[in-house]
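# Overview (structure and organization)
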Amino acid sequence: MARATHEVRVLAGRLILTAMATRVQVFRIMGTVVAGLAAFVGLTAQNSPFIHVDQFGYRTHAYKVAVLSDPQSGFNESDAYTPPDTLELKSLPWEITVARTTPQAWNAGATHDQSGDRGWWADFTSLATPGHYFLYDPVNDQRSPSFFIGEDPYLGTLKAAGRMFFYNRCGPAKPETFTGPGWSDAASFLQDTVCRALAAPDDPDMWRDLSGGWFDAGDYNKYVTFAHSPVHDLLRAWEENPHAFGDDWNIPESGNGRADILDELLVELDWLYKMTDPLGGCLIKMGSIQWDHNISAPPSANVDPRYYGPRCTASSIAAAGMLAHAALVFRDFPEWADRAQMWHDRAIACFHWSAPDILAGEADTECDDGTIKAGDADWDAETQFEAAVTAAVYLHDLTGLPYYGEFVRQHAPATRPMASGWWDCYQIPLTDALLRYSTTAGADSLTGASIRQSLETASFDNWGQFFGYTEQDLYRAWMPEWSYHWGSNLPKANYALLNLLLDRYGVAPWDSLAFRYKAEEQLHYFHGVNPLGLVYLSNMYDQGVARSVHEIYHTWFADGSPWDHALQSPYGPPPGFLSGGPNMYFTQTALSPPANQPPQKAYLDFNTGWPDNSWEVSEPSISYQAAYVRLLAHFVSREAPSGTGSVSPAKETVHLYPNPVGLDRRVRRVQASAHAGTVLDAKGRQVGIWPSRDADWEVNDLPAGWYVVVWDDGIGRFVVR
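Here's what I pulled together on the structure shown here.

Here we come to the overall build of the protein chain. Looking only at helices and strands, one finds 19 helices and 23 strands in the protein chain. Within the protein chain, the fraction of its 721 residues that count as buried is 61%. Long-range pairs, those at least 24 residues apart, make up 70% of the contacts in the protein chain between residues at least 6 apart in sequence. Accessible area of the protein chain: about 26,300 Å², with a carbon and sulfur share of 53%.

Let's shift gears to the sheet that holds strand 14 (residues 307–308). The 4 strands are arranged 11-14-13-12 in an open sheet whose pairing can be described as mixed. The strands lining the two open edges of the sheet, one partner per strand, are strand 11 (196–197) and strand 12 (222–223). Inspection of the sheet shows strand 13 (residues 285–287) paired to strand 14 by 2 bridges, in the antiparallel sense. When the bridges of strand 14 are listed, G287 appears paired with Y307.

A word on the packing of helix 11 (residues 381–399) against helix 14 (residues 428–438). Where helix 11 meets helix 14, the closest approach of the two axes is 9 Å, and the angle between their N-to-C directions is 40 degrees. Accordingly, the angle class assigned to the pair helix 11 and helix 14 is oblique. Between helix 11 and helix 14 lies a crossing of left-handed hand. Residues E386, V389, T390, V393, Y394, H396 and D397 of helix 11 form the contact with helix 14, whose participating residues are P429, L430, D432, A433, L434, R436 and Y437. Here the residues of the contact of helix 11 with helix 14 sort into 8 nonpolar, 2 polar and 4 charged.

Moving on, we come to a nonpolar patch on the surface. Together, W422, Y426, W463, W482 and Y585 give the surface a local cluster of nonpolar side chains, amounting to about 640 Å² of exposed area. With respect to the secondary-structure elements, W482 resides in the loop between helix 15 (445–461) and helix 16 (489–504).

Moving on, we get to the packing of helix 4 (residues 155–162) against helix 19 (residues 622–633). Two elements in contact, helix 4 and helix 19, have axes whose closest approach is 10 Å; the angle formed by their N-to-C orientations is 160 degrees. The pairing of helix 4 with helix 19 is recorded here as roughly antiparallel in orientation. The chirality of how helix 4 crosses helix 19 is left-handed. Taking contact as the criterion, the partners of T157, L158, A161 and G162 in helix 4 are, on helix 19, Q625, Y628, V629 and L632.

This next bit is on the packing of aromatic side chains. In the structure shown here, the tally under the stated rule is 37 aromatic pairs. On the numbers, 5.1 Å between centres and 80 degrees between planes, the contact of W422 with F466 is edge-to-face. Taken together, the residues W422 in the loop between helix 13 (416–420) and helix 14 and F466 in the loop between helix 15 and helix 16 connect sequence positions 44 residues apart. Given the relative accessible area of 2%, F466 is considered buried. Pairwise contacts between aromatic rings join F166, Y167, W183, W556, F557, W563, Y571 and F577 into one cluster. One Lys or Arg, K492, reaches over the ring of Y525 and ends 4.0 Å from the middle of that ring.

The subject of this paragraph is the side chain of D263. Considering the arrangement of structural elements, one finds D263 in helix 8 (residues 260–274). The side chain of D263 sits in the buried core without any salt bridge; R169 is the nearest counter-charge, 7.1 Å away. Those residues in contact with D263 that sit more than four places away from it in its chain are D247, I251, E253, N256, R258 and W336.

By the secondary structure assignment, A514 is in helix 17 (residues 512–526). A514 gets classed as buried once you look at its relative accessible area, which sits at 6%.

In this section: the nonpolar core. Of all hydrophobic cores here, the largest spans 149 residues; its most connected members are F245, I261, L265, F330, F351 and L631. The element contributing the most residues to this core is helix 9 (residues 313–330), with 13 residues. Setting aside chain neighbours within four positions, we find F330 in contact with L235, L262, L265, L266, L269, W336, A337, A340 and W343.

Before going further, it helps to examine the state of the cysteines. In the structure shown here, the tally under the stated rule is 1 disulfide. Here C312 connects covalently by a disulfide to C367, the sulfurs 2.0 Å from one another. In this structure the cystine formed by C312 and C367 twists about its S-S bond by roughly -80 degrees; its chirality is therefore left-handed. Taken together, the positions of C312 in the loop between strand 14 and helix 9 and C367 in the loop between helix 10 (337–359) and helix 11 put the pair 55 residues apart, joining distant regions of the chain. Residue classification places C367 among the buried residues on the basis of a relative accessible area of 17%.

Further remarks concern the sheet that holds strand 3 (residues 65–71). Spatially, 1-3-7-6 is the arrangement adopted by the 4 strands of the open sheet, whose pairing is antiparallel. Edge positions in the sheet fall to strand 1 (51–52) and strand 6 (104–105), since each has one partner strand and no second. Two strands pair when backbone bridges link them, and strand 1 and strand 3 are joined in this way by 2 bridges, in the antiparallel orientation. Within strand 3, the position partnered with I51 by the bridge is L68.

Once that is clear, we can look at helix 19. The end-to-end C-alpha distance of helix 19 is 16 Å, a good match for the 16 Å that 12 residues give at a rise of 1.5 Å each. Burial runs high along helix 19: 12 of the 12 residues are buried. The complete set of buried residues in helix 19 reads I622, S623, Y624, Q625, A626, A627, Y628, V629, R630, L631, L632 and A633. Put simply, S621 is the residue that caps the front of helix 19, since its side-chain oxygen is 3.0 Å from the backbone nitrogen of S623.

So, about helix 17. With 15 residues, helix 17 should reach 21 Å at 1.5 Å per residue; the first-to-last C-alpha distance of 22 Å fits that figure. Where burial is concerned, most of helix 17 is hidden: 15 out of the 15 residues are buried. One or two steps after helix 17, the chain reaches G528, where phi turns positive at roughly 125 degrees.

What counts, and at which threshold
- In every chain, residue numbers begin from 1 and rise along the written sequence.
- The predicted nature of this model means local features are confined to residues of pLDDT at least 70 and side-chain atom pairs, given and counted, to a pLDDT of 80 or more, with totals for whole chains, interfaces and linings taken over all residues.
- For side-chain calculations, the full set of non-hydrogen atoms in the structure is used, while hydrogens and water are omitted.
- Here a strand is any run of E in DSSP of at least two residues, a helix any run of H or I of at least four, and the numbering for each starts at the N terminus.
- Here the term buried applies to any residue with accessible area under 20% of the maximum for its type, exposed to any over 50%, and partly exposed to those in between, with areas from a 1.4 Å probe on protein chains only.
- Only heavy atoms matter for contacts: two residues are in contact if any of them lie within 4.5 Å across the pair.
- To measure how exposed things are, a 1.4 Å probe is used in the Shrake-Rupley method; for residues, cover is taken only from the protein chains shown.
- When DSSP finds two or more bridges between two strands, those strands count as paired.
- For helices, the axis comes from a line fit to the C-alpha atoms of the stretch in contact; other axes are also lines fit to C-alpha atoms, and the angle between any two N-to-C directions lies between 0 and 180 degrees.
- In this scheme, roughly parallel covers angles under 35 degrees and roughly antiparallel covers those over 145, while 65 to 115 is roughly perpendicular and the rest are oblique.
- In this scheme the handedness of a crossing depends on how the near helix is turned from the far one: anticlockwise by less than a right angle means left-handed, clockwise means right-handed.
- Residue polarity follows a fixed list, in which Ala, Val, Leu, Ile, Met, Phe, Trp, Tyr, Cys and Pro are nonpolar, Asp, Glu, Lys and Arg are charged, and the others, Gly among them, are polar.
- Two distance rules govern patches: like charges are joined within 9 Å, and nonpolar side chains (Val, Leu, Ile, Met, Phe, Trp, Tyr) within 5 Å, applied only to residues with over 30% relative accessible area and no salt bridge.
- Throughout this description, the term salt bridge denotes a Lys or Arg side-chain nitrogen within 4 Å of a carboxyl oxygen of Asp or Glu.
- Stacked, tilted and edge-to-face are the three classes applied to pairs of Phe, Tyr and Trp rings, where Trp contributes its six-membered ring and a pair requires centres within 6.5 Å; stacked means planes under 30 degrees apart, edge-to-face means over 60, and tilted covers the rest.
- In this scheme, Lys NZ or Arg CZ marks a charge over a ring once it lies within 6 Å of the ring centre and within 35 degrees of the ring normal.
- Charge counting follows a simple rule: Lys and Arg are positive, Asp and Glu are negative, and His as well as the terminal groups are ignored.
- Side-chain atoms within 4.5 Å link the members of a nonpolar core, which is a set of buried Ala, Val, Leu, Ile, Met, Phe, Trp, Tyr and Cys residues.
- In this description, a disulfide is simply a cysteine sulfur pair whose atoms lie within 2.5 Å.
- By this rule the span expected of a helix is its residue count minus one, scaled by 1.5 Å.
- Definition of a polar contact: a pair of N or O atoms within 3.5 Å, with one able to donate and the other able to accept a hydrogen when the atoms are protein atoms, and with sequence-neighbouring residues admitted only if both atoms are side-chain atoms.

This is the structure we're talking about:
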């Protein structure tokens, strides 16, 4: 075996000896999703830039496909790779070959336009034994990063990603107890307790306590409209998959008996409430009015005054929807019932303050004049109209009042997806709300049916290839080329969420498993199955990855600061920040990469400011982060189920057992049916016909994987090990 591999083995042996001498530290390391030994190997081994895997790992019964690449264009076009006929799968720590796989050329050897690579797929789905592994090319002496196979490979990843919101908190101190060495900070932005009115900055009667909340992105400012999608996404993440979230994120509220995602949401919701007025209306944003104010690191070093902008229809209708949705979630917890009632009342006030102007064509579309730096928080009239429909859905569900249901009935047909039939990833809060309305008690049944029919038709026609898995992308996570813009990691996650919504609500149930398959492949893209072999989360080396984002554009973790680079500065940025992602429209055309690259390679791991404008690719955002957290939560379960996935009980009318299928290799439908069922695999391909009635069905000829059975009166799922 090659010398590099032999050295890794020797190093691994030293780690085992060290572990025996420091038992407590070992348990702490092994508590991460990827065990300490695998993490150590991942950092020290020679990892191939041509073998791309999910560096966190794969669920036991998921499809598992590595991508092998041979660059043809882009910054690495001079590199070359041809895989052997057979790759070996080796287990760690002893590097024993446990399986082999044969790479298959993608698209008959064609070059993939979006990446500039040609490549191969290496399927190792049949490997389902929990453990740590890597793929090895014995001919070229190339190996993949190590990865973990198990029931819950992403739990540690979810915790790290969730903690991004803790680091982006504005106000309270961040003691080392909760940050570890390097990222602690004293209380910051105490001046927010006396935030000044932009219209009358020297009038103390106009000063307001607007402390709290999250920094929106890489600066220290806070925006109501920018909070719209992340607040809805995190609330939906909890509603969809509460089992994924624990009380152990190591934030100050951990251990209080409630999931930390809810505690974190309270931080933003309490600030949002402060931005509203009792009689209605909501301030649009707050922050600095000079470019050279509040640009120091860490946050506690900033003492310049801060200012708030005016009440606007956009921020007010956004607040109405967020507060109504939050009241629905939090009213179920006795200790938060009073808060939920406050949000309930303020949501109604904000809705009635803004909705009449929006409907009358008098929405404020230029309310943010840019005096407060830097993002433009305005919404156009159409976006505000659709936010009003979104808010009305949650208010109808919250209050049960016919007025809000009638508002949805009258105005939902005029929203863009309903009017055009074009359902894409850029309106997830609206899509969430419309589908919710279609299943809400007291909703107009014809409106609900038209919503579902419109989305089902879009899924069936699939003109944009948004729905279900497609093999168009060498890296298995296809989205349209024009979605690789500033913040492309948001649509990358949202295309997955769109598919998961169809699965959850039983829209086009015959494609249900293809929707989930699409979503899981999108997730692998974030974790290293991309042309750069890069985990798009910052500084994840303690999770065992081979290469993650080193630098992000963030005022705290700025270029040249102690938090600049994960490996080359004293601390680097904290783990878990999702960067913006590739941007084929990067404006500084002389800097290549990111400019002048295939879309998926239009990225550079850097964080310098003007004139390099790294924020166009590497800046994080609570919007990107929340969408990713919501997506990831679909594939995390602390209960580690090995049977069916997350399915709405309302549509899962068929029950199968035993589940998962065991050694008897038979499954049975409990509820009789007069019709035969169609059996589909995870790619939506028909693989069999289930007999009618309640007969057993033998599955001896089915390979390991997930399957769905579609009858006229329901669907069922099962797993073949």
